Amino acid sequence: MAQFTRSELGTRILEGQHLIIYNRKVLRIPTSWLDAHPGGSLALLHFVGRDATSEIDAYHNDQILPLVNKYSIGTLAEPGPWNPLLPPIAAGWARKDGKWFSEAATWNVDSSQVLLVANDSPALQKSAPTIDTITPLPSELSLQVQEQHSAAYKALHRRVTDAGLYRTPYLTGYGPEFVRYLSLGLISAYAFRHNWLLTSALALGLLWHQLMFFVHDLGHLGVTGNWNIDRLISIAVADFIGGLSVGWWVDNHNVHHLVTNHPSHDPDIEHLPFFAISPKFFSNLYSSYYKRILPFDFAAKTFIRLQHRLFYVVMAFARFNLYRLSYASMLSKIFEKRRARGGRWAVGLEFIGVAFFWWWFGGIVLRGCGSWQMALAYVFVSHVATSPLHVQIVLSHFGMSTDDLGPVESFPDRQLRTTMDVTCPDQWGFIHGGLHLQITHHLFPRLPRHNLKKASLMVKEFAKEEDLTYVEFGFVSATHEVIGVLREVAGLVSSFGQQVKLVAEVASSEAKEAVNKKIAQQEVAFARNRTVHAPSNI
């Protein structure tokens, strides 16, 4: 079998090949599979030139893993830990019709972080990336230490598997949950029939809230492990009952898990104009997920100044944004190439499901409210009732690091650095669906959430042994932590306004560079302040 040096892989990547390292094997991913990959193309593109062994093992079950090796074209020639390259997408480069094109320019916040910004300067535009483009900035992280953490994670994964924690507890786990689903559905229907409309709305909202945990499991193939079965059930629940696209959510969520809390790549923290959890967002960052600039405009400045005060207000209406994102994604999928799993039937079924949802929710429930005022109240109550889910998920990430430590950082290091647990008494765990244990979930995304508690004990041991920080807060403390981050970033908006004034008066690249440097300084000070207040190892 052929052996490849780092230099040879770099040359091949610049020629347009998608090369990923898995267990020291070099995988060449055909362009056709990028489009057909069930997890989306971005899940692959973010690991071109990198060792994705931990991520591939975490996201694929034993039936799929043997298929990965069919893409192997050789092995690594050089011994020791793989010294990663920077994926072209992380440097703002993509390919279309066999040619490179620049989506965005890079902005180095400091000596190690790479973010994407608008490619609006002719001096920045090139015809293709170079070896310098895909060479990462110097990292303070040790390759050897990161390799050790990856090896320890592999052993931890084996322990979790051997303990039987990947077995779905259908009776003890989902049994009580289905009783809860049925009870909330019957309460909502009974209350509606007797014209107790707000009670009906509350029960329906709580049903949606609880069902989304089930959809989450299905999206991760954590129920049956069979893609077709889990996707069929998830469409029935998410689209037909909830009016949301599970296809959109899975694509979004996969990227979030792989590049957690990266300002240019993680869609789950790209919430302008409503939220900015880092001064980095002041720089009109480019999103590789949304394929557009995230403008820090007048609306963003206005909202961000008040974001710590509006947090719960925005969260109360978060479900409406999910409709918008779902339907935009569904429409875009009409023009996408057919994926290996689901083909066209999954997309078509989602359209049928969403149409059915609006038939029963809009055509029967809302029309049956008697007046537009009561219908509006029904919509408000039912949708606000789902907000604890949105609050819980952002609590696990908004208060954590948004630094880019480069491709050297290992999978377990990245997940522990960017994620926190929200603790609660066991008897109240059902309110959070078990997903308050986000660290363990991020390390083992396919793990049935009913088993996360047992696995989290192993993860804490792992973190202690590897000298990694395991962060956990109670719900109130976590909320205080996140509100503190939002308040701190909000306080930086005013000084940013003065910097923008400078650019308006002196519209030169030098002035823009000066502003970006100032923002970078603010970010470094912000990050240093967050580090000072970070909890110690648990």
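Quick note: structure is the one above.
What you see is a predicted model, and the numbers here were worked out from it, not measured in a lab.

**Some words on helix α15 (residues 372-384)**
Point 1. Helix length check: α15 (13 residues) gives 18 Å between terminal C-alpha atoms against 18 Å at 1.5 Å per residue, within 8%.
Point 2. The set of residues buried in α15 consists of A375, Y378, V379, S382 and H383. Buried positions in α15, seen along its axis, are confined to an arc of 110° and lie on one side of it.
Point 3. Where α15 is buried, its residues touch α7 (170-193), α8 (197-219), α12 (307-316), α13 (318-333), α14 (345-366) and α16 (387-398).

**Section: the pattern of salt bridges**
Point 1. Considering all chains together, one arrives at 11 salt bridges under this definition.
Point 2. The shortest N-O distance in the salt bridge between E461 and R159 comes to 3.5 Å. Of this pair, E461 sits in helix α20 (residues 452-465) while R159 sits in helix α6 (residues 143-162), placing them 302 residues apart in sequence.

**Points about the environment of L45**
Point 1. One can find L45 in helix α3 (residues 42-45).
Point 2. C-alpha separation for the pair L45 and I89, spaced 44 residues apart in sequence, amounts to 6.6 Å.
Point 3. With residues near it in sequence (within four places) discarded, L45 still touches H18, L34, P87 and I89.

**A look at the nonpolar core**
Point 1. One finds V160, F361, Y378, F444 and L447 to be the most contacted residues of the largest nonpolar core, which totals 81 residues.
Point 2. A total of 11 residues in this core trace back to one element, the largest contributor, which is α8.
Point 3. Residue contacts for F444: discarding those within four places in its chain leaves Y153, L156, H157, V160, Y166 and V459.
Point 4. In this structure, A105, W107, F281 and F282 belong to the second largest nonpolar core, which totals 36 residues.

**Notes on the packing of α7 against α8**
Point 1. Relative orientation of the contacting elements α7 and α8 amounts to 155°, with a least axis distance of 8 Å. It follows from the interaxial angle that α7 and α8 lie roughly antiparallel. Pair α7 / α8 crosses with left-handed handedness. From α7, Y174, F178, R180, Y181, L184, G185, I187, S188, A191 and F192 reach across to α8, where they touch L197, T199, S200, A203, L204, L206, L207, Q210, L211, F214 and D217.
Point 2. For the contact of α7 with α8, the class distribution of residues is 14 nonpolar, five polar and two charged.

**Side note on the packing of aromatic side chains**
Point 1. Under the definition given, this model contains 33 aromatic pairs.
Point 2. Relative to F444, the ring of Y153 has its centre 5.5 Å away and its plane inclined at 20°; by these criteria the two rings are stacked. Of the two residues, Y153 sits in helix α6 while F444 sits in the loop between α19 (438-443) and α20, which places them 291 residues apart along the sequence.
Point 3. Relative to F398, the ring of F275 lies with its centre 5.9 Å away and its plane at 75°, an arrangement referred to as edge-to-face. You can see F275 sitting in the loop between α10 (246-258) and β9 (286-287) and its partner F398 sitting in helix α16, a full 123 residues away along the chain.
Point 4. Exposure remark for F275: the relative accessible area of 3% places this residue in the buried category.
Point 5. Look at F398 and you get buried, because its relative accessible area is 2%.

**Some thoughts on a nonpolar patch on the surface**
Point 1. A cluster of nonpolar residues, V313, F317, F320 and F380, forms a patch on the protein surface that exposes about 360 Å² of accessible area.
Point 2. With respect to the secondary-structure elements, F317 resides in the loop between α12 and α13.
Point 3. Accessibility expressed as a relative area gives 40% for F317, which makes it partly exposed.

**Details of the sheet that holds strand β4 (residues 72-76)**
Point 1. Judged by pairing direction, the sheet is mixed, and its four strands sit side by side in the order β1-β4-β3-β2 without closing on themselves. Among the strands making up the open sheet, the edge pair consists of β1 (3-4) and β2 (18-22).
Point 2. Where β2 lies against strand β3 (residues 25-29), five bridges are found, and the strand directions are antiparallel. Pairing of Y22 across the sheet is with K25, part of β3.

Criteria and thresholds
Residues numbered from 1 in each chain as written. Predicted model: local features only at pLDDT ≥ 70, side-chain atom pairs only at ≥ 80, totals over all residues. Heavy atoms only, no water. Helix = DSSP H or I, 4+ residues; strand = E, 2+ residues; numbered from the N terminus. Expected span 1.5 Å × (residues − 1). Buried < 20%, exposed > 50% of the residue type's maximum accessible area, 1.4 Å probe, protein only. Arc of directions from axis to C-beta. Contact = heavy atoms within 4.5 Å. Salt bridge = Lys/Arg side-chain N within 4 Å of Asp/Glu carboxyl O. Core = buried A, V, L, I, M, F, W, Y, C linked by side-chain atoms within 4.5 Å. Axes fitted to C-alpha atoms, helices over the stretch in contact; angles between N-to-C directions. Parallel < 35°, antiparallel > 145°, perpendicular 65-115°, else oblique. Left-handed = near helix turned anticlockwise from the far one by under 90°. Nonpolar A, V, L, I, M, F, W, Y, C, P; charged D, E, K, R; others polar. Phe/Tyr/Trp six-rings, centres within 6.5 Å; stacked < 30°, edge-to-face > 60°. Patch = residues over 30% accessible without salt bridge, like charges linked within 9 Å, V, L, I, M, F, W, Y side chains within 5 Å. Areas by Shrake-Rupley, 256 points an atom, 1.4 Å probe, with all protein chains shown as cover. Pairing = 2+ DSSP bridges.

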